[in-house]
Each structure stands twice: as C-alpha cells, then as structure tokens.
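Structural overview
Next come the chains, spelled out residue by residue.
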Amino acid sequence: RRSSRARSGAMPTPPSLQALSFDALLANVSSMTGEHVSALPEHVQLELFEGVLARGALNETVLGIFQEAARKCAPLAARIRSLNLKPLPPRPPATRNRWLGDNPSWY
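Residues numbered from 1 in each chain as written. Predicted model: local features only at pLDDT ≥ 70, side-chain atom pairs only at ≥ 80, totals over all residues. Heavy atoms only, no water.

Regarding the packing of aromatic side chains
So the rule is basically this: Between the rings of Phe, Tyr and Trp (Trp by its six-membered ring), a pair exists once the centres lie within 6.5 Å; its type follows the angle of the planes, with under 30 degrees stacked, over 60 edge-to-face, and the other angles tilted. Under the scheme used here, helices are H or I runs from DSSP no shorter than 4 residues and strands are E runs no shorter than 2 residues, and both carry numbers assigned from the N terminus. To sort residues, take the accessible area from a 1.4 Å probe on protein chains only and compare it with the maximum for the residue type: under 20% means buried, over 50% means exposed, and anything in between is partly exposed.
For the structure shown, the criterion picks out one aromatic pair. Ring centres of Phe49 and Phe66 lie 5.1 Å apart, and the angle between their planes is 65°; on these two criteria the pair is classed as edge-to-face. One end of the pair, Phe49, is in helix α4 (residues 42–55); the other, Phe66, is in helix α5 (residues 60–70), and 17 residues separate them in sequence. In this structure, Phe49 and Phe66 share a single accessibility class: buried.

Given below as structure tokens:
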C-alpha cells in the first residue's frame, strides 16, 4: 500500500499547447506588426499587452505595435490611454570626441 506522501510527489501537469503558444507569442511580440496584433481577437490583444507589461518588456517599438493595433480595438486603446504614457525625450548626440579614442583612460 502506498502512502499519501508518494502521491503528493507526482509530476506537475505540463503546460497546455495554448499556454505554450501564448508564451511564444509573448516572447516574439517585438517582431510582430500592429496588423498582426490587430488580427488577434480583442481578449488576446489585451492579454498580450498585459503580458508585455508583466514581463517589463514594454519599449517604444512594442508600444508602437500596440498603438497601431489599438486603432481597431477600443478596449486596447483605452488600456493604453489609462497608463498615461509620455514619450521619451530625444537622446542627446554622442558626447565622446573621436580624438579621445574608444577607451580613454579617464572614462
């Protein structure tokens, strides 16, 4: 007779195909276009956006993809607006002088 301890050591159930597919989609969202995202059902667009936020993977490129998709998806547009995101200021030009070389000793 086996004890209940033996049963508690059972292997966890593997992730579903849907969960694996969603994780792959989430990992590759930066290579998608707004058109690709807008072709997905609204609830998937929202889950994908929330997944990007949860991973801390939102950058200007990814935001642009979702903003393009949000033109056709009102709930996504509302969620993006709710974050009250502001554009980043332009980056200053490189301040390193070429005559200093790539690795000056005082840097």
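Some points on the nonpolar core
In a soluble, globular protein the nonpolar side chains are often hidden away together inside. What counts here: The nonpolar core is taken to be a set of buried Ala, Val, Leu, Ile, Met, Phe, Trp, Tyr and Cys residues, with the residues joined through side-chain atoms within 4.5 Å.
Of all hydrophobic cores here, the largest spans 17 residues; its most connected members are Val29, Val37, Val52, Phe66, Leu76 and Ile80. Breaking this core down by element, the ones donating at least two residues are α4, α5 and α6 (74–82). The dominant element in this core, judged by the number of residues it contributes, is α5, at six residues.

A short note on the confidence of the model for the protein
Under the convention used in this document: What pLDDT conveys is the predictor's confidence in a given residue, as a value from 0 to 100.
The predicted model of the protein averages 85 in pLDDT, with 79% of residues at 70 or higher. Averaged pLDDT values for the elements of the protein fall to 54 in helix α1 (residues 4–8) and rise to 97 in α6.

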